[in-house]
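Structure assessment
The residues making up each chain are set out below.
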Amino acid sequence: MLRALADDAGFRDRAVTIEISAVRYPSIEEFVRREAASSPLAGPLGSLDRDVRGTLIREIEDALGEYVDDDGIVIPLESYVLVAHR
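A brief report on the enclosed structure follows. (Residues numbered from 1 in each chain as written. Predicted model: local features only at pLDDT ≥ 70, side-chain atom pairs only at ≥ 80, totals over all residues. Heavy atoms only, no water.)

Some remarks on the packing of helix H2 (residues 28–37) against helix H4 (residues 50–64)
Taken N-terminus to C-terminus, the directions of H2 and H4 make an angle of 110°; their axes are 9 Å apart at the nearest point. Judged on the interaxial angle alone, H4 and H2 are roughly perpendicular. Where H2 abuts H4, its residues Ile28, Glu29, Phe31, Val32 and Arg33 lie against Arg53, Ile57, Ile60, Glu61 and Leu64. Along the lines of polarity and charge, the residues of the contact of H2 with H4 split into six nonpolar, no polar and four charged. (Axes fitted to C-alpha atoms, helices over the stretch in contact; angles between N-to-C directions. Helix = DSSP H or I, 4+ residues; strand = E, 2+ residues; numbered from the N terminus. Parallel < 35°, antiparallel > 145°, perpendicular 65-115°, else oblique. Contact = heavy atoms within 4.5 Å. Nonpolar A, V, L, I, M, F, W, Y, C, P; charged D, E, K, R; others polar.)

Structural notes on the environment of isoleucine 73
Relative to the assigned elements, isoleucine 73 resides in strand E3 (residues 72–85). The class of isoleucine 73 is buried, set by a relative accessible area of 0%. Sequence separation of isoleucine 73 and glutamate 29 is 44 residues, and the distance between their C-alpha atoms is 9.8 Å. (Buried < 20%, exposed > 50% of the residue type's maximum accessible area, 1.4 Å probe, protein only.)

Quick look at the sheet that holds strand E1 (residues 12–25)
Ordered by their spatial adjacency, three strands build an open sheet running E1-E3-E2, and the pairing between neighbours is antiparallel. Of all strands in the sheet, those with a lone pairing partner are E1 and strand E2 (68–69), marking the two edges. Across two bridges, the pairing between E2 and E3 is antiparallel. What sits directly across from aspartate 69, in E3, is glycine 72. Against the sheet, H2 touches E1, E2 and E3, its axis set at about 135° to E1. (Pairing = 2+ DSSP bridges.)

Set out below in structure tokens:
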């Protein structure tokens with residue numbers, strides 16, 4: 001699909017690679033803090049009541065529990081990289 005989009009946009013000599021990596025955080029709470037700080041959610045999450053924030057963290061821990069190990073949380077990433085010329 002990415003190749004077709006590049007072709008339709010008039011690009012040539014295109015190359016697509018899939019990059020597999022991971023990002024690690026020491027805890028779910030740190031994951032939420034860092035990710036929120038770098039997103040449009042920074043304001044709304046930053047203004048949450050302490051109890052509500054705690055509930056949010058627990059819900060995220062439940063949802064992402066399979067990604068937690070003894071060193072924190074690791075999130076797998078998959079990126080599609082397109083290099084092309086016009």
